[in-house]
Amino acid sequence: MASTDSQPRFGQSVKGLLSDKVGSCSGDVIALTRQVLKGSRSQELLGQAARNMVLQEDAILHSEDSLRKMSIITTHLQYQQEAIQKNVEHSKNLQDQLTHLLK
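Throughout this document, residue positions are counted from 1 along each chain, in the order its sequence is written. Reporting of local features is limited, given that this is a predicted model, to residues whose pLDDT is at least 70; pairs of side-chain atoms are given and counted only at 80 or more, and all residues count toward the totals for whole chains, interfaces and linings. Where side-chain values are given, they derive from all heavy atoms of the structure, hydrogens and water being excluded.

Undergrad: Requested: an account of the overall build of the protein, with residues and values cited.
TA: Working definition: helices are DSSP H or I runs of at least four residues, strands are E runs of at least two. Numbering for both runs from the N terminus. Tallying secondary structure elements over the protein gives one helix and zero strands in all. The proportion of buried residues among the 103 residues of the protein is 0%. Working note: accessible area of the protein is about 9700 Å², and carbon and sulfur atoms make up 62% of it. Partly exposed residues are those whose accessible area sits between 20% and 50% of the maximum for their type, while under 20% is buried and over 50% is exposed, using a 1.4 Å probe and protein chains only. Only the protein chains shown count as covering a residue, and every accessible area follows the Shrake-Rupley method with a 1.4 Å probe.

Undergrad: Describe the pattern of salt bridges, listing the residues and the values that go with them.
TA: Definition used for salt bridges: Asp or Glu carboxyl oxygen within 4 Å of a side-chain nitrogen of Lys or Arg. A full pass over the atoms with the stated rule returns four salt bridges. Measuring nitrogen to oxygen at the nearest pair gives 3.9 Å for the salt bridge that ties Arg68 to Glu64. Taken together, the residues Arg68 and Glu64, both in helix α1 (residues 2-102) and four residues apart, mark about one turn of the helix. Arg68 gets classed as partly exposed once you look at its relative accessible area, which sits at 45%. Overlapping salt bridges bring together Glu64, Asp65, Arg68 and Lys69 as one network.

Here is the structure:
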């Protein structure tokens, strides 16, 4: 009779162990799912960061091109300023000569 009493206990303990294992596995599946979702989110963030970096690179290249053009324009404006200064000096000389001739 001792064996019949031990069978229900053994069955109950197996059911309890099985229930614990199922609960543990469920917890592991939930943890794995969370980790996969977190990894997926990380992948999305990395993709967005890469896209933003490409956009920034384009903006930097555009800015570099604009700065190069502005440098060329500045050089041309300096040449024009020098030419204007020379013309002002010449016009002063001409004005002096005119006033000298008219006297």
